[in-house]
Amino acid sequence: MKDIFRVINTIRLSEKATLLGEQNNEFVFEVNPKANKLEIKQAVQQIFGKKVVAVRTMQYDGKARRKRRADAGISPKWKKAVVRLAPGEKFELV
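Worth saying up front: this structure is predicted, and the values here are computed from it rather than measured.

> Give a detailed account of the overall build of the protein chain, specifying residues and quantitative values.
On a plain count of helices and strands, the protein chain comes out with two helices and four strands. Element order for the protein chain, N to C, with α for helix and β for strand: β-α-β-α-β-β. Seen along its three principal axes, the alpha-carbon backbone of the protein chain occupies a region of about 55 × 35 × 20 Å. Within the protein chain, buried positions represent 32% of all 94 residues. For the protein chain, the centre of its 21 positive side-chain charges and the centre of its 10 negative side-chain charges are spaced 6 Å apart.

> Can you break down the packing of aromatic side chains residue by residue, with the values?
The final tally for this structure, using the stated rule, is five aromatic pairs. Both rings, one in F27 and one in F91, keep their centres 4.8 Å apart while their planes meet at 80 degrees; by these two values the pair is edge-to-face. Of the two residues, F27 is situated in strand β2 (residues 26-31) and F91 in the segment after β4 (78-85); the sequence distance between them amounts to 64 residues. A relative accessible area of 10% means that F91 is categorised as buried.

Thresholds, definitions, all that
Residues numbered from 1 in each chain as written. Predicted model: local features only at pLDDT ≥ 70, side-chain atom pairs only at ≥ 80, totals over all residues. Heavy atoms only, no water. Helix = DSSP H or I, 4+ residues; strand = E, 2+ residues; numbered from the N terminus. Buried < 20%, exposed > 50% of the residue type's maximum accessible area, 1.4 Å probe, protein only. Lys, Arg positive; Asp, Glu negative; His and termini not counted. Charge placed at Lys NZ, Arg CZ, Asp CG, Glu CD. Phe/Tyr/Trp six-rings, centres within 6.5 Å; stacked < 30°, edge-to-face > 60°.

And the structure:
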């Protein structure tokens with residue numbers, strides 16, 4: 001990926017993500033499915049100006065929609081990244 005602003009789609013705020021942020025200084029992002037760990041790390045460091053220690057990624061398949069019709073389809077697949085920041089670094093989520 002050439003454009004760093006296409007790597008990170010959104011930050012995921014959930015109960016589990018909040019606990020990760022409080023306990024392990026880790027934050028959860030929804031990222032482009034084609035992005036790799038190095039691109040995610042560089043994007044977070046350049047966009048937010050924070051030092052990243054580690055990145056973990058998970059791929060999620062799309063779920064099947066209701067099958068009432070032949071064109072029901074599936075929801076799109078997506079990728080999640082858990083980014084651990086260096087000690088002392090913090091995101092201010094307001």
